[in-house]
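# Breakdown of the fold
Listed below, chain by chain, are the residues.
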Amino acid sequence: EICLSKDNLQGILYKETDGFLVLEHFFTTEECDSMRNQIQRIIAEMEVPPHCRTEFSTKEKEQLQAQGSSDYFLTSGDKIRFFFEKGVLDEKGNFLIPKEKSVSKIGHALHAYDPVFKQVTHSSKVQELGRKLGLERPVVVQSMYIFKQPGIGGEGKSCIVSISH
């Protein structure tokens, strides 16, 4: 059971001011291992044509150049798609490093199409959390698995994640 009250949320719930909530140990070790193992399987089976390989950037100007003009990115809302670290692709879209070390994020519909992520996302404890936060009809519109690859990658800026209700 999730124990949320005004007292124990102070200091971790920034829903009203900053729009995020930090819940340490919300998922069990087994759930986390299951998601990590599934991501490893997804990457092992990853097939992205070179012309669709997009480098992900947290810098607005680079985002507009790379993702803003890419159908692969713009149509990713209802698909599982791969986005790569800056500098891991040559000019033809071939990997310069092993593909499993090149991924920046996987998004945006893991919750809808992958059975492991779907089970976790739609679990009773996630639903209970939504109710306890006062969400009337929460909807998951996007899901991402974000990597922090060793020795490469861009600056880790804040990411805005919102819950629609």
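My aim in this report is to walk through the structure given alongside it, one point at a time. The numbers attached to residues start from 1 for each chain and follow its sequence in the written order. In view of the model being predicted, local features appear only for residues whose pLDDT reaches at least 70, and side-chain atom pairs are presented and counted only at 80 or more, with totals across whole chains, interfaces and linings using the full set of residues. With hydrogens and water set aside, each side-chain value is computed from the structure's full complement of heavy atoms.

## Some points on helix H7 (residues 124-132)
Taken together, the buried positions of H7 are occupied by Lys125, Glu128, Leu129 and Gly130. Where H7 is buried, its residues contact helix H2 (29-44). With its phi angle positive at about 85°, Gly134 sits one or two positions after the end of H7. Buried, partly exposed and exposed residues are distinguished by accessible area as a fraction of the type maximum, computed with a 1.4 Å probe on protein chains only: under 20%, between the cut-offs, and over 50%, respectively. Secondary structure counts use DSSP, requiring at least four H or I residues in a row for a helix and at least two E residues in a row for a strand, with both numbered from the N terminus. Every residue pair with non-hydrogen atoms within 4.5 Å of one another is taken to be in contact.

## Some details on the packing of aromatic side chains
Stacked, edge-to-face and tilted labels apply to pairs of Phe, Tyr and Trp rings (six-membered ring for Trp) whose centres lie within 6.5 Å, assigned for plane angles under 30 degrees, over 60, and everything in between, in that order. Within the structure shown, the criterion is met by six aromatic pairs. Each ring, one from Phe73 and one from Phe83, has its centre 5.3 Å from the other, and the planes form 80°; the classification is edge-to-face. Linking Phe73 in helix H4 (residues 71-74) with Phe83 in strand S2 (residues 80-84), this pair joins segments that are ten residues apart in sequence. The exposure class of Phe83 is buried, given its relative accessible area of 0%. An angle of 85° between the planes, with centres 6.1 Å apart, marks the rings of Phe117 and Tyr145 as edge-to-face. Of this pair, Phe117 sits in helix H6 (residues 115-121) while Tyr145 sits in strand S4 (residues 143-146), and the two are 28 residues apart along the sequence. Among the aromatic residues, ring-to-ring pairing joins Tyr72, Phe73 and Phe83 into one connected group. The rule is short: NZ of Lys or CZ of Arg within 6 Å of the ring centre and within 35 degrees of the ring normal puts a charge over the ring. In this arrangement the basic side chain of Lys105 is found over the ring face of Phe83, its NZ or CZ atom lying 5.4 Å from the centre. When the ring centre of Phe26 is taken as reference, the NZ or CZ atom of Lys125 above it lies at 5.2 Å.

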